[in-house]
Amino acid sequence: MSYITRADVENEWGVVNIAKWSRMDNEDAQAHEARVTAAMNWADDYIDNRFRGSRYILPFSTTAGTLHQVKSWSARLAGWKLYRHRGLRDTDETADKLQQAREDVESEMNLV
């Protein structure tokens, strides 16, 4: 079961950003579908693996409150994953923002 759709990731980070971050080169303006899908799958798997062996039943249920939080985590992680694979250094404002988003997700998961 996938927690997110591409639209969820694009709503979190913007259509243009997801298209740009999904490409390894800058020649095409369209998003690289396979890379977006791979990032989404990675994010969902990361969340499930993070909570495997805990008191929670996986995959998480699709109840409104639970799904909203999990979707938020997954969308933020997928965007971070796409950006990270472009090989950019974490020394600029955008990279810092994405790294902070990743750290925020980790902090929120620790509270659960």
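For the structure, see preceding data.
Residues numbered from 1 in each chain as written. Predicted model: local features only at pLDDT ≥ 70, side-chain atom pairs only at ≥ 80, totals over all residues. Heavy atoms only, no water.

Caption draft 1: Quick look at the overall build of the protein. Helices and strands together make up the secondary structure of the protein, namely five helices and zero strands. Across the protein, helices and strands are ordered from the amino to the carboxyl terminus as α-α-α-α-α. Taken over 112 residues, the protein has a buried fraction of 38%. Within the protein, contacts between residues separated by at least 24 positions form 71% of all contacts whose residues are at least 6 apart in sequence. Carbon and sulfur atoms form 49% of the exposed surface of the protein, whose accessible area is close to 6700 Å². (Helix = DSSP H or I, 4+ residues; strand = E, 2+ residues; numbered from the N terminus. Buried < 20%, exposed > 50% of the residue type's maximum accessible area, 1.4 Å probe, protein only. Contact = heavy atoms within 4.5 Å. Areas by Shrake-Rupley, 256 points an atom, 1.4 Å probe, with all protein chains shown as cover.)

Caption draft 2: A look at the packing of aromatic side chains. This model, assessed by the stated rule, comprises nine aromatic pairs. Ring plane angle 80° and centroid distance 5.3 Å describe the contact between Phe 51 and Phe 60, whose orientation is recorded as edge-to-face. For the pair shown, Phe 51 and Phe 60 are each scored as buried. Ring geometry for Phe 51 and Trp 73: centres 5.7 Å apart, planes at 10°, overall stacked. With a gap of 22 residues between them, Phe 51 in helix H3 (residues 33-51) and Trp 73 in helix H4 (residues 64-84) connect regions that are remote in the sequence. Here Phe 51 and Trp 73 have matching classes, each one buried. Among the aromatic residues, those joined into a ring-pair cluster are Tyr 3, Phe 51, Tyr 56, Phe 60 and Trp 73. One Lys or Arg, Arg 102, reaches over the ring of Tyr 46 and ends 4.9 Å from the middle of that ring. Between Arg 102 and the ring centre of Trp 80, over which it is positioned, the NZ or CZ distance is 4.3 Å. (Phe/Tyr/Trp six-rings, centres within 6.5 Å; stacked < 30°, edge-to-face > 60°. Lys NZ or Arg CZ within 6 Å of the ring centre and 35° of its normal.)

Caption draft 3: Examining the environment of Asp 44 more closely. Position of Asp 44 among the secondary structure elements: in helix H3. Residue class for Asp 44 comes out buried when judged on its relative accessible area of 4%. Note: C-alpha distance between Asp 44 and Leu 77 (33 residues apart in sequence) is 8.7 Å. For Asp 44, the side chain forms a polar contact with the side chain of Ser 74, separated by 2.5 Å. (Polar contact = N/O pair within 3.5 Å; in protein donor to acceptor, adjacent residues only side chain to side chain.)

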